[in-house]
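Residues per chain are reported as follows:
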Amino acid sequence: MSLVLPSELVVDRFLPTVRAMLAARLADRGLTQREIAAELGVTQAAVSTYVAGEGGGDSRFRDDPETVATVDRIADGLADGEMDGYDALSELLSLVRSLEDRGPICELHEEEMPALRGLGCDLCVRGLDPDVRAERDVLANVRTAARTLASVPGMVDAVPNVGTNVGMSLPDPTDETDVAAIPGRIYAMGGRIEIPANPEFGASKHVATAVLAANDTDPDIRAAINVATDDTLLAAARSRGIDPLEFDADYEDRSEHLGDRFADRGAVPTVAYHRGAFGIEPVTYVFGATAVEAAELVGELLAARSTSAADGSA
């Protein structure tokens, strides 16, 4: 039996086809050949060949609906600036895994290794570790949440001097290494939000402390974001029916203190805040089931605060 790895087929058959498809679609969306070459990591000459329709490829991928939909989604994202290379890579890896599950890659593999036919081979999909999938999903959620915050009007003014962070835990976390956050925190610089790096597990102590305390009280709450404590923001929360919880800032074991306050409340509040202490800046935490949910709530509260301020000045 000849030994052919599915990854060989991905490199030799899938990747050239998808690159040709992406090059053509990015050209249709107005990108120059130089820009396309930079996005795809190929030479400008290769892009010229792809755009001219001479790049070859495998029709099974070109005609596959899932591949077409993914390529269109990536092309739109790259052209609009809503995706970067990391996002595109994530989309393509997800597509490859799908196509390996009784899809075109699986069909090609059986053609190259006929002895696999009729065996119901599932080695590719069976090898996907569910723990790895969970970590990937959490990292993707935190990345999306951070970008959401960067696009929220008024977020610049809500970032405390120590910076903002967004964290989300794996299911059943045990310590801060099970919480993904942005290394170095998110800062406001030059009137805009700066996200210094992609999220990592164990990258934050402070927001992880809040996440772990909340999750210990309610396993459905796995995310938190810290913003500057502001009375108008707290008022906006109350106007939406949220009852913010105040806690002390200067406890040595903040996680334990937060857990006790949550237990006294009988639930994890959507918003919890402190007024600061000596050497401790006032901070408010916004909690959610996911990082994206918490980021969306921050956006809603800031929008409500802006509306209230406008009404008050009218």
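Refer to the structure presented above.
Just so it is clear, the structure is predicted and the values come from calculations on it, not from any experiment. (Residues numbered from 1 in each chain as written. Predicted model: local features only at pLDDT ≥ 70, side-chain atom pairs only at ≥ 80, totals over all residues. Heavy atoms only, no water.)

*Asks:* Tell me about the packing of aromatic side chains, residues and numbers included.
*Replies:* All chains considered together, the criterion is met by 4 aromatic pairs. Here the aromatic rings of Phe14 and Phe61 are separated by 5.3 Å at their centres, their planes lie at 85°, and the arrangement is edge-to-face. Linking Phe14 in helix α1 (residues 6-28) with Phe61 in helix α4 (residues 59-62), this pair joins segments that are 47 residues apart in sequence. Pairing Tyr285 with Phe287 gives two aromatic rings, centres 6.3 Å apart and planes at 35°, and the pair type is tilted. Grouped by ring-pair contacts, the aromatic residues Phe247, Phe262, Tyr285 and Phe287 constitute a single cluster. (Phe/Tyr/Trp six-rings, centres within 6.5 Å; stacked < 30°, edge-to-face > 60°. Helix = DSSP H or I, 4+ residues; strand = E, 2+ residues; numbered from the N terminus.)

*Asks:* Please give an account of the pairing of strand β8 (residues 271-274) that cites residues and values.
*Replies:* Side chains Val271 and Tyr273 of β8 all project onto a buried face; the interleaved residues Ala272 and His274 project onto the opposite face, where all are buried too. In this sheet, β8 lies alongside strand β7 (residues 245-246) in parallel orientation, the contact comprising 2 bridges. Bridge pairing links Glu246 to Tyr273 in β8. The parallel pair β7 and β8 is bridged by helix α13 (residues 254-265), and the resulting crossover is right-handed. With 4 bridges joining them, β8 and strand β9 (residues 283-288) adopt antiparallel strand pairing. Residue pairing across strands places Ala272 opposite Tyr285, the latter belonging to β9. (Buried < 20%, exposed > 50% of the residue type's maximum accessible area, 1.4 Å probe, protein only. Pairing = 2+ DSSP bridges. Right-handed = clockwise from strand over helix to strand, strands pointing away.)

*Asks:* Explain the sheet that holds β8 to me, using residue names and the numbers behind them.
*Replies:* Strands sit in the order β5-β2-β1-β6-β9-β8-β7 across an open sheet of 7 strands; the sheet is mixed. Strand pairing shows two members of the sheet lacking a second neighbour, β5 (200-201) and β7, which therefore form its edges. Running over the sheet, helix α9 (residues 130-150) touches β1 (166-169), β2 (179-181), β5 and β6 (223-228) and is turned about 160° from β1. (Contact = heavy atoms within 4.5 Å. Axes fitted to C-alpha atoms, helices over the stretch in contact; angles between N-to-C directions.)

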